[in-house]
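# A look at the structure
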Amino acid sequence: MRHTIADRVGGSIAAVLGLLSVAEAVRLYPDGHRWFTGDHTFPALLGIGLFVLGVMIASGFRAESFPVAFPEGKVQFRMGICVVILLGYALLMPFLGYLLSTWLTGVGLFVLFGSRSSWWWKPVLYSSVITVLLNVLFIEWLHMSFPQGIFGW
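First, a word on scope: everything that follows refers to the structure included in this document. (Residues numbered from 1 in each chain as written. Predicted model: local features only at pLDDT ≥ 70, side-chain atom pairs only at ≥ 80, totals over all residues. Heavy atoms only, no water.)

### A short note on a nonpolar patch on the surface
Put simply, the rule reads: Like-charged residues are merged into a patch within 9 Å and nonpolar side chains (Val, Leu, Ile, Met, Phe, Trp, Tyr) within 5 Å, provided each residue has over 30% relative accessible area and no salt bridge. Residue burial considers only the protein chains on display, and all accessible areas are found by Shrake-Rupley using a 1.4 Å probe. Basic side-chain nitrogens of Lys or Arg form a salt bridge, by our definition, when they fall within 4 Å of a carboxyl oxygen of Asp or Glu. Secondary structure elements follow DSSP: runs of H or I of four or more residues count as helices, runs of E of two or more count as strands, with numbering from the N terminus. Only protein chains enter the calculation, and the probe is 1.4 Å; a residue is then buried if its accessible area is under 20% of its type maximum, exposed if over 50%, and partly exposed in between.
A cluster of nonpolar side chains, Phe110, Trp119, Trp120, Trp121, Leu125, Tyr126, Val129, Ile130 and Leu133, forms an exposed patch at the surface whose accessible area comes to about 940 Å². The element that contributes the greatest number of residues to the nonpolar patch is helix H5 (residues 121-141), accounting for six residues. Relative to the assigned elements, Leu125 resides in helix H5. The class of Leu125 is partly exposed, set by a relative accessible area of 41%.

So this is what it looks like as structure tokens:
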């Protein structure tokens, strides 16, 4: 494939955005306690990645091309239902709360992508385990706050 002006412009824009992100990370660094923890870490990693990839694209680097096969039929339908379930999760969380909406979303996704042999108890069990693990990780260990919803959980 040939190297176009769009590649040069797009790569240059990505590189400049990467440098801006690194500059923001440098500005935020005094707020952090350590090199790899704090508010500066994600902007720094994102900026470095954007800069490196932007320079690669602008300089004409091309990876090996390969054909892309888009999903069709059942797979495409399941992907669409997955998007609908995740959008419903985002919309229901403020009303039902983190625990209940996470559990319902897990059940829906396990039913959608799981086997049909024992269709009701495995999704319920797996979603319960995942919800408890996520609750321990985010709420108990990381002390993150999530919506409690109408039930106050």
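### Quick word on unusual backbone geometry
Its identity as a non-glycine residue notwithstanding, His143 has a phi of 55 degrees, on the positive side. Relative to the helices and strands, His143 resides in the segment after H5. The exposure class assigned to His143 is exposed, which follows from its relative accessible area of 64%.

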